[in-house]
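Descriptive structure summary
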There are 4 protein chains.
Amino acid sequence: MKIAMLGLGKMGGNMATRLIRNGINVVGFDMSSEMIAKLEREESLIPASSVEDAVNQLEGQKIIWMMLPAGEVTEKQIDDLIPMLNPGDIIVDGGNSNYKHSVKIGAMLKEHNIGFMDCGTSGGVWGLDNGYCLMVGADNDVAKAVEPVLRALAPNQQDGWLHVGPIGSGHYTKMIHNGIEYGMMESFAEGLELLKGKTEFDIDLAKVTELWRHGSVVRSWLLDLTAESLKGDQNLDNIEPYVADSGEGRWTVVESVDLGIPAPVLTLALQVRFRSQEKQKGYGYKLLSIMRNAFGGHLLRKKG
Amino acid sequence: MKIAMLGLGKMGGNMATRLIRNGINVVGFDMSSEMIAKLEREESLIPASSVEDAVNQLEGQKIIWMMLPAGEVTEKQIDDLIPMLNPGDIIVDGGNSNYKHSVKIGAMLKEHNIGFMDCGTSGGVWGLDNGYCLMVGADNDVAKAVEPVLRALAPNQQDGWLHVGPIGSGHYTKMIHNGIEYGMMESFAEGLELLKGKTEFDIDLAKVTELWRHGSVVRSWLLDLTAESLKGDQNLDNIEPYVADSGEGRWTVVESVDLGIPAPVLTLALQVRFRSQEKQKGYGYKLLSIMRNAFGGHLLRKKG
Amino acid sequence: MKIAMLGLGKMGGNMATRLIRNGINVVGFDMSSEMIAKLEREESLIPASSVEDAVNQLEGQKIIWMMLPAGEVTEKQIDDLIPMLNPGDIIVDGGNSNYKHSVKIGAMLKEHNIGFMDCGTSGGVWGLDNGYCLMVGADNDVAKAVEPVLRALAPNQQDGWLHVGPIGSGHYTKMIHNGIEYGMMESFAEGLELLKGKTEFDIDLAKVTELWRHGSVVRSWLLDLTAESLKGDQNLDNIEPYVADSGEGRWTVVESVDLGIPAPVLTLALQVRFRSQEKQKGYGYKLLSIMRNAFGGHLLRKKG
Amino acid sequence: MKIAMLGLGKMGGNMATRLIRNGINVVGFDMSSEMIAKLEREESLIPASSVEDAVNQLEGQKIIWMMLPAGEVTEKQIDDLIPMLNPGDIIVDGGNSNYKHSVKIGAMLKEHNIGFMDCGTSGGVWGLDNGYCLMVGADNDVAKAVEPVLRALAPNQQDGWLHVGPIGSGHYTKMIHNGIEYGMMESFAEGLELLKGKTEFDIDLAKVTELWRHGSVVRSWLLDLTAESLKGDQNLDNIEPYVADSGEGRWTVVESVDLGIPAPVLTLALQVRFRSQEKQKGYGYKLLSIMRNAFGGHLLRKKG
């Protein structure tokens, strides 16, 4: 079997590698010719000089797997692909696209008789060795056609991939997955902050997180990683107190609003990240401070 | 009528003044003899050289009104007062004590046949002119005896004071009042932050808060004060983004936990203040950051 | 001065009335001819038999004020109006439209040389007597032309209306206003629930809310209304525990997500309403319950 | 080695069993003689006819491990034990006691020269087979003496037990562990509710939770259990939407308040449970509803 992989970055490159190691031939293209060369040299990737070249190197029912930045880049790539493909060919969007967008893309491609799969992909940098968790939205015939690729990417042929439902349901499920991830991360962060804040007990966070990995109710992969990360300097003096966020955490909150279903913890986990990003430099705090001053005559902390 | 006022600070001093201006004689004592002298000179306060002296200058059923810092100072003062008083005399705690404490104090004083009133007092620095809002917990006879004082402190003789219920209920009601105050302040702060964050509209917050004072659903005294405060520099460049909190906001959250009744907005309003105080310098954010890095290979923002 | 008012429901009807009483002639149209007849009879409204008829009864620079349900109805009405109007005429959307929509409408109408104003309107059923709070987004010449109407609707000619900024900023400001309103309402609801939950104090909520109206920090129009509402049966036994929500509360949360500015209290106030609506009949609670059972062997509460 | 186990319920009984199977002799007592008899018959527990009898069957440095309900029962038992023990003997509280209490107990027992260990125990009904995760607060000599017991209870001799720090730190760490557990559970519940609420995708929650167990970022023991629990009827029609809570979730929130360190997600996860318990039958919702009605003339939903 031979497919094309567009985008050979942190995710796409590793996925191409895992596919090749599991017996799938991969024609690869990336804006960086260096990435292509490296994978050709080390993993027998079949190099392509352009997207068109990648497509042309496939035969029969062509499967184009995209691992590109969500949004404009992905959309543009799909538009460009349409004239290169034949009816029955398949585009897989394995990136972090908004599911609403995937629903639209799928409908548009259907008019061109091109199959579409939205594949939510979890596993991060560990996926190469551990396998990826794949949440798939697609029509049945498309899911069937891509199944060997999904099996090769998943942790084992059986587990770790699922045809969740119609087009859009793959990215929807991945979005919710990431929302849950935010909530879990924040749960750990808050708990550990309370442990550290109890200075009279002088608790060793590296040891406690390692401890919890064995037999406790909170044992989890995130805990495994956290325990590992705390083994060096647990004071984290050199880390900026800044947490980025991605589309999926935000979309989960918007979905909660759209559905009218409360998701307070997932929402707050996102808002904590906003707070860390301090786009307004504490303006809200300052407002509270001047209000207190106004009614209570409380002293304002002035700068300088 | 003549009562003693212990504590002549920002609150006690103004309350003594309002009482005197409304025809109640006030014997006043404070650790600062300067405060006593000032009120004697400007408002005809009857000075006392000590707590004992203040008590001794009263006749008949003595009423001792305390405006002292909650906690140890208030407790100590009550212990000291007991031997100076006669059965039937009354101690009023007008400070921000924990209602649980007031219930205990009331029971203890009952054993000495000394009456007790817990009086939650709202109004801040504006109370002198506007009158105070007084939430009273006491036995009926005690409430009856202190009523003329309450009338003199309230905005008018009729409104702004209430015998809420038994001992403890006054401070309980004040505690909840402050919890609500936290929620309202945070509501305004968040809304205004969103107005300011919409930079393309370049909205003048001073003008909008002034606008809302007229006919809108959110018109309120807090809005009046906020509008006034924003009239100068609305960028608040010189204000530290730090918001203190007091016992009552915290006790409200603990009460919610004790009763098993959710109060998510009041709780979050408190936690936002904690966040501003940054006791752990963003340790929680750093934890989130290293977790992201661990599973996703996301770049850490390192300092320096 | 003569303008047209389209939509004579709870809001539009009262606004037409207030305008007429303040010397503005109003040509009115509504789907309900009964409403038109009533206002004609009682308030000298000039009746129109259709939107076109309403427009045709105006002279010079025509001002069409719409008080229609946000969304499709409003959009459709604007589309229909375009061919009836001349360059320089003005459409005012006084309803609760999404500000993003208003920005688009404004740009579209500009292509037809038709002026547009988005006017956020607060004041509810009390606006007729008290006046409305009007938050206006518009170009300067449009704002100038409509000013006499704004003055007549506002609590007094001076206060209660503001040209906030460009098109969209009016509905944006109204959206944030409603977000704040949600937070304030929830703050009161939580505080009062904690008062009621302290059964040993048997606190009279009607009396306490009335008390707080005088001199307290939380005094506000919402408190005035709440105190009034609790004067009858404060147990609310006959009220369904269901709270509807409107577009603006939801859009405020989405805006917080879009801007990356945290608004946790406004968000939670919305989510509490979602919870009351119980779209999934406690499914989340059930999930928690089966998890507890799974690890702890805790008894499940089964139905029946 | 021989120790006494007081309390042979769900936790204590399984722990006694695990100890016996790992070569520790256990003298057991419980209020239910049936439990004692069962464990004597099936697991060679050494039966005791009373607490005193249990203590008397030990030799040398006696170790009494208590698995009793936190609070009064545990306190009373400790008081009763004191006269039965000799200097150097050790009491272990393996239950879910408040760490503040454990600190006090430890100090009190020190006056009697009796050693104390607070041991937070996680693992639930699965601990018998998987081993328990043990978080230990104790002086060094006490920890040393009890170590063989800890090793036998833990998943393996090396991992799953930790001498965290001084007396109190064991229960403190367990408290935080449970706080995190609440946050994780709520994260999953919210995410799954959003999956289920997206009815057009008709997502199979049993399959998705099973999927996520393989390679995803949220894989965890809680997910394992959830996936298993959903394999039958995922509609949960027969489950009451009621979630109990325990002391530790509540104490975590109080600790956050005491330390002034925000823990919004852990707090909300608790409050969601309060909400499910509906102590006030939606009174807060009703208040919101009458407020809306008061200012907006919105229709109230009345019962019946």
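In the annotation of an unreviewed UniProt entry, the entry for chain A reads 6-phosphogluconate dehydrogenase, and the organism field reads Methylophilales bacterium MBRS-H7. Its UniProt record, at the heading Pathway (unreviewed entry), says of chain A: "Carbohydrate degradation; pentose phosphate pathway." The UniProt entry for chain A carries the following text under Sequence similarities (unreviewed entry): "Belongs to the 6-phosphogluconate dehydrogenase family."

1. Some thoughts on the overall build of chain A
The secondary structure content of chain A amounts to 13 helices and eight strands. Along the longest, intermediate and shortest principal axes, the C-alpha atoms of chain A span 75 × 40 × 35 Å. Expressed as a percentage of its 304 residues, the buried residues of chain A come to 64%. About 10,800 Å² of surface is accessible on chain A, with carbon and sulfur atoms providing 48% of the total.

2. Focus on the sheet that holds strand S4 (residues 63-66) of chain B
Residue and element names in this part refer to chain B. Pairing is mixed across the open sheet formed by eight strands, whose spatial order is S3-S2-S1-S4-S5-S6-S7-S8. Among the strands making up the open sheet, the edge pair consists of strand S3 (46-47) and strand S8 (161-165). Bridge analysis of strand S7 (residues 133-138) against S8 gives four bridges, and the strand direction is parallel. If you follow Leu134 over to S8, its bridge partner there is Trp161. Together, strand S5 (90-93) and strand S6 (115-122) form the strand contacts of helix H5 (residues 99-111), whose direction differs from that of S6 by roughly 155°.

3. Some points on the environment of Glu147 of chain C
Mapped onto the elements, Glu147 of chain C comes out in helix H7 (residues 140-153). Each C-alpha atom, one on Glu147 of chain C and one on Gly232 of chain C, is 42 Å from the other, the two residues being 85 residues apart in sequence.

4. Let's talk about the sheet that holds strand S6 (residues 115-122) of chain A
Residue and element names in this part refer to chain A. The strand order S3-S2-S1-S4-S5-S6-S7-S8 describes an open sheet built from eight strands, whose pairing is mixed. Of all strands in the sheet, those bounded by a partner on one side alone are strand S3 (46-47) and strand S8 (161-165). Looking at chain direction, strand S1 (residues 2-6) and strand S2 (residues 25-29) are connected through five bridges and run parallel. Across the sheet, the residue bridging to Ile3 is Val26, located in S2. Contacts from helix H5 (residues 99-111) reach strand S5 (90-93) and S6 within the one sheet, and its direction differs from that of S6 by about 155°.

5. Description of the relation of the copies chain D and chain A
It takes a turn of 180° to lay chain D on chain A, together with a shift of 0.0 Å along the axis; the resulting RMSD is 0.0 Å. As the rotation angle and translation indicate, the two copies are arranged about a two-fold axis. If distances are taken from each C-alpha of chain D to the rotation axis, the shortest is found for Ser220 of chain D, at 1.9 Å. Of all interface residues in chain D, 100% are interface residues in chain A too; the two copies therefore contact each other through one and the same surface.

6. Concerning the relation of the copies chain B and chain C
Note that the two copies of the chain are related through a rotation about an axis and a translation along the same axis. Superposition record for chain B on chain C: RMSD 0.0 Å, screw rotation 180°, translation along axis 0.0 Å. With an isologous cut-off of 70% or more, the 100% of interface residues of chain B that recur at the interface of chain C puts this contact in the isologous class.

7. Quick look at the interface of chain D and chain A
Where the parts come together, the accessible area they lose is often given as the size of the interface. Listed as interface residues are 67 residues of chain D and, on the opposing side, 67 residues of chain A. Around 5,700 Å² of area is buried between chain D and chain A when both sides are counted, 76% of it from carbon and sulfur atoms. Of all residues in chain D, Leu194, Phe201 and Val217 of chain D give up the largest surface area on contact with chain A, accounting jointly for 13% of the area buried on that side. Taken together, the links from chain D to chain A amount to two salt bridges. Between Glu255 of chain D and Lys198 of chain A there is a salt bridge, with the nearest N and O atoms lying 3.0 Å from each other.

8. Topic: the packing of aromatic side chains
Overall, the coordinates contain 16 aromatic pairs over all chains when judged by the stated rule. With 5.9 Å between their ring centres and 75° between their planes, Tyr99 of chain A and Phe201 of chain D make a pair best called edge-to-face. You can see Tyr99 of chain A sitting in helix H5 and its partner Phe201 of chain D sitting in the loop between helix H8 (169-197) and helix H9 (205-212), one on each of two chains. Side by side, Tyr99 of chain A and Phe201 of chain D carry an identical accessibility label, which is buried. Aromatic pair Tyr172 of chain B and Phe201 of chain C: ring centres 5.6 Å apart, planes at 70°, arrangement edge-to-face. You can see Tyr172 of chain B sitting in helix H8 (residues 169-197) and its partner Phe201 of chain C sitting in the loop between helix H8 (169-197) and helix H9 (205-212), one on each of two chains.

9. A word on the pairing of S4 of chain B
All names here are of chain B. Of the two faces of S4, both are covered, the one formed by Ile63 and Trp65 as well as the one formed by Ile64 and Met66. Of the strand pairs in this sheet, S4 and S5 are connected by four bridges, and their pairing is parallel. Opposite Met66, over in S5, you have Asp93 as the bridge partner. You can see the chain leave S4, run along helix H4 (residues 72-81) and come back into S5, and the turn it takes is right-handed.

10. Notes on the interface of chain B and chain C
Listed per partner, the contact involves 67 residues of chain B and 67 residues of chain C. Between chain B and chain C, roughly 5,700 Å² of surface is buried when both sides are summed, and carbon and sulfur atoms account for 76% of that area. Looking at the side of chain B facing chain C, the largest losses of area belong to Leu194, Phe201 and Val217 of chain B, adding up to 13% of the total buried there. There are two salt bridges connecting chain B and chain C. Elements represented by at least two residues in the side of chain B that touches chain C include exactly H5, S7, S8, H8, helix H9 (205-212), helix H10 (221-229), helix H11 (247-259) and helix H12 (264-277) of chain B. Per-element tally for the side of chain B that touches chain C: the top contributor is H8 of chain B, with 18 residues. Its residues placed into classes, the side of chain B that touches chain C shows 38 nonpolar, 19 polar and 10 charged.

11. Digging into the domain arrangement of chain A
All names here are of chain A. Domains assigned within chain A are domain 1 (2-166) and domain 2 (175-203 + 240-283). Of note, the centres of domain 1 and domain 2, computed from C-alpha atoms alone, are 31 Å apart. Across the boundary between the two partners, domain 1 contributes seven residues, which contact seven residues of domain 2. Buried area between domain 1 and domain 2, both sides added, is near 550 Å², and the carbon and sulfur share of it is 50%. It is Asn96, Asn98 and Tyr99 that lose the most area in domain 1 upon contact with domain 2, and together they represent 61% of the buried surface on that side. Taken together, the links from domain 1 to domain 2 amount to one salt bridge. For Lys100, the salt bridge is made with Asp258, and the minimal N-O distance between the two is 3.0 Å.

12. As for the side chain of Ser216 of chain A
Following the sequence through the fold, Ser216 of chain A ends up in the loop between helix H9 (205-212) and helix H10 (221-229). Residue Ser216 of chain A is classed as buried on the basis of its relative accessible area of 0%. Reaching out from Ser216 of chain A, the side chain makes a polar contact with the backbone oxygen of Trp212 of chain A at a distance of 2.7 Å. Apart from residues lying up to four places away in sequence, Ser216 of chain A is in contact with Ser122, Cys133, His177 and Trp221 of chain D.

Rules used throughout
Residues numbered from 1 in each chain as written. Chains lettered and ligands numbered in written order. Predicted model: local features only at pLDDT ≥ 70, side-chain atom pairs only at ≥ 80, totals over all residues. Heavy atoms only, no water. UniProt positions renumbered as here; feature names shortened; annotations may be inferred. Helix = DSSP H or I, 4+ residues; strand = E, 2+ residues; numbered from the N terminus. Buried < 20%, exposed > 50% of the residue type's maximum accessible area, 1.4 Å probe, protein only. Areas by Shrake-Rupley, 256 points an atom, 1.4 Å probe, with all protein chains shown as cover. Pairing = 2+ DSSP bridges. Contact = heavy atoms within 4.5 Å. Axes fitted to C-alpha atoms, helices over the stretch in contact; angles between N-to-C directions. Least-squares fit on C-alpha atoms with pLDDT ≥ 70 in both. Buried area = accessible area lost by both parts, 1.4 Å probe. Salt bridge = Lys/Arg side-chain N within 4 Å of Asp/Glu carboxyl O. Phe/Tyr/Trp six-rings, centres within 6.5 Å; stacked < 30°, edge-to-face > 60°. Right-handed = clockwise from strand over helix to strand, strands pointing away. Nonpolar A, V, L, I, M, F, W, Y, C, P; charged D, E, K, R; others polar. Domains from an automatic or database assignment. Polar contact = N/O pair within 3.5 Å; in protein donor to acceptor, adjacent residues only side chain to side chain.

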